[in-house]
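# A structural walkthrough
The chain contents come next:
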Amino acid sequence: MPRSALFEPIKIRSLSLNNRIAIAPMCQYSAVDGCMNDWHLVHLGGLSLSGAAMLTIEATAVVPEGRITYADLGLWNDRTYSSMSLVVESIRRWSSMPIGIQLSHAGRKGSTEVPWKGGRQLPPTDGLGWQTLAPSRIPYRQEMVAPLPLDRQQMKNVRDGFAAAAIRAARLGLDFVQIDVAHGYLLHQFLSPLTNRRDDEYGGSLNNRMRYPLEVLDVVRSAFPAQKPVSVRLSATDWFEGGWQEEQSLAFAYELQKRGCDVIDVSSGGLHPDQKMALEPSYPVPFARALKSVVQIPIVAVGLITDFDQAEAIIGTGDADMIALARAILFDPRWPWHAAAHLGGKVRAPLQYLRSEPIRFRGILEPDFRIDVSSL
Ligand SMILES: Cc1cc2nc3c(=O)[nH]c(=O)nc-3n(C[C@H](O)[C@H](O)[C@H](O)COP(=O)(O)O)c2cc1C
């Protein structure tokens, strides 16, 4: 069998990855006061045995009002830090998979109910809600309570929150951080002309709209260890006329690379409720290909990648350097094992599971040497 492109190793800054499969951040809406608990251990622990190259902890708010819901994770104080440290240390005992975290601020999309209770906006008068903040006073939907425009001091607080969270992520020993500039959350709200109507130097021209997200990248980059990667997740387009478009993403990507971003994860949409999204398999791949034409740093494609041959083709053709999986790996947490069996790759597996290897796939499982049951 020819060598699989999906199972070729890749190095990002000093981070060596075994293959090209990333686990995308996925909100669990299961935190209390921003703190992780045993759900996060079970959920992330399971994914850490999946054979993927890297695991990204869900959108984690850098300040309490940066959450999407009251049950989102945070990394804004010692309590949130300690709860995450217990989970990360447990996972590290049993898996060598690199772990990173997505740092986020929801902006005007915050203060909502958890999805399985309908996800509606909770007004500031609700005990579980708060007043949202955004670049401009424009609600996500007309009927919602409008966000308050961030003033300079509030922008500084949020920027400091990103830096402080990056320092905590470094203290946790996390291998990378991802800054969330996608899906209509705060930093994306600064980029898009649909949500940014500011008349100061953070609004108007493209350079002005990019200014704040780039400042956040600068503070995160200098707060996080120099040898470890900082990634940015962006939405390549708003899928809405008059919004953020692909050409602007190319200009933004160029700036990101110049300012020390090591990898760009390209998603799309999430800013406008009436977006016209072309939801077909591999829909982000043309955006990934376009970004690769303007930057040299690795590009990760994400969105409706479900099939092993589809993933192999995306990497094999060079359209993207990595793929990220969300729903497919929740549905099948051994997706990378099955992909390795199908494509002739190898994945790391816990010693305890090595006997599971079917005879016809002999040799796909490699022991994860971090796991040493003799020391228990
Ligand atoms: C349960 C769930 C939670 C998600 N949470 C996040 C998140 O925390 N941050 C983020 O950037 N995207 C989040 N997403 C989006 C995914 O990371 C991914 O970009 C999207 O689902 C498309 O990939 P897929 O087709 O492989 O699911 C979430 C998706 C799902 C299904």
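That block above? That's the structure.
A few words on the site of the ligand. In the vicinity of the ligand lie 14 residues, with Cys27, Gln102, Arg233, Leu304 and Arg327 positioned nearest. At 3.5 Å from an oxygen atom of the ligand is found a side-chain nitrogen or oxygen belonging to His183. A distance of 3.0 Å separates an oxygen atom of the ligand from a polar backbone atom of Ala326.

Moving on to the side chain of Arg233. Topologically, Arg233 is positioned in strand β10 (residues 230-235). Filtering out sequence-adjacent residues up to four positions away, Arg233 remains in contact with Ala24, Pro25, Gln102, Gln178, Ile179, Asp180, Val181, Ala182, His183, Asp265 and Val302.

Once that is clear, we can look at the packing of aromatic side chains. Using the criterion set out here, one finds 7 aromatic pairs in the structure. A centroid spacing of 5.7 Å and a plane angle of 70° characterise the contact between Trp239 and Phe287, whose relative ring orientation is edge-to-face. In this pair, Trp239 is assigned in the loop between β10 and α6 (246-258) and Phe287 in helix α7 (residues 285-292), connecting sequence segments 48 residues apart. Of the two residues, Trp239 and Phe287, neither departs from the other in class, the shared state being buried. Measuring from centroid to centroid gives 5.0 Å for Phe308 and Trp335, while their planes differ by 70°, and the two rings are edge-to-face. One end of the pair, Phe308, is in helix α8 (residues 308-316); the other, Trp335, is in helix α10 (residues 335-343), and 27 residues separate them in sequence. Lying across the ring of Tyr185, Lys109 places its NZ or CZ 4.6 Å from the centre. Lying across the ring of Tyr81, Arg171 places its NZ or CZ 4.2 Å from the centre.

Although it is not a glycine, Arg13 adopts a positive phi angle of roughly 50°. For Arg13, the location among the structural elements is in the loop between β1 (10-12) and β2 (15-17). Residue Leu304 is not a glycine yet carries a positive backbone phi of 55°. Residue placement: Leu304 occurs in the loop between β12 (299-302) and α8. On the basis of relative accessibility, which here comes to 28%, the residue Leu304 falls in the partly exposed class.

Of all 8 residues making up strand β4 (residues 54-61), 8 are buried, and the element is well covered by its neighbours. In this structure, strand β3 (residues 21-23) lies alongside β4, joined through 2 bridges in parallel fashion. Bridged to Ala22 within β4 is Met54. One ladder, built from 2 bridges, connects β4 with strand β5 (residues 73-74); its direction is parallel. What sits directly across from Thr60, in β5, is Leu73.

For any two helices packed against each other, one specifies the crossing angle of their axes together with the interaxial distance. In the contact formed by α8 and α10, the axes pass within 10 Å of each other and the chain directions differ by 75°. Overall, the two elements α8 and α10 adopt an arrangement that is roughly perpendicular. Of the residues in α10, those touching α8 at Phe308, Asp309, Ala311 and Glu312 are Trp335, His338, Ala339, His342 and Leu343. Split by residue class, the contact of α8 with α10 holds 5 nonpolar, 2 polar and 2 charged.

For Leu6, the position within the fold is in the segment before β1. What Leu6 contacts, discounting residues up to four positions off in sequence, is Asn19, Arg20, Ile21, Ala311, Glu312, Ile315, Ile323, Trp335, Ala339 and Leu343.

The subject of this paragraph is the pattern of salt bridges. When the charged atoms of two side chains with opposite charge come close together, those side chains can pair. Under the counting rule described, the total for this entry stands at 15 salt bridges. Notably, a salt bridge pairs Arg3 with Glu8, separated by 2.8 Å at the nearest N-O pair. The class for Glu8 is partly exposed, based on a relative accessible area of 24%. For Lys156, the salt bridge identified is with Asp160, shortest N-O distance 2.7 Å. Taken together, the positions of Lys156 and Asp160, both in helix α3 (residues 152-171) and 4 residues apart, correspond to about one turn of that helix. By relative accessible area, which is 37% here, Lys156 ends up partly exposed. Residue Asp160 is classed as partly exposed on the basis of its relative accessible area, which comes to 37%.

The rules behind each value
- Residues numbered from 1 in each chain as written.
- Predicted model: local features only at pLDDT ≥ 70, side-chain atom pairs only at ≥ 80, totals over all residues.
- Heavy atoms only, no water.
- Near = heavy atom within 4 Å.
- Polar contact = N/O pair within 3.5 Å; in protein donor to acceptor, adjacent residues only side chain to side chain.
- Helix = DSSP H or I, 4+ residues; strand = E, 2+ residues; numbered from the N terminus.
- Contact = heavy atoms within 4.5 Å.
- Phe/Tyr/Trp six-rings, centres within 6.5 Å; stacked < 30°, edge-to-face > 60°.
- Buried < 20%, exposed > 50% of the residue type's maximum accessible area, 1.4 Å probe, protein only.
- Lys NZ or Arg CZ within 6 Å of the ring centre and 35° of its normal.
- Pairing = 2+ DSSP bridges.
- Axes fitted to C-alpha atoms, helices over the stretch in contact; angles between N-to-C directions.
- Parallel < 35°, antiparallel > 145°, perpendicular 65-115°, else oblique.
- Nonpolar A, V, L, I, M, F, W, Y, C, P; charged D, E, K, R; others polar.
- Salt bridge = Lys/Arg side-chain N within 4 Å of Asp/Glu carboxyl O.

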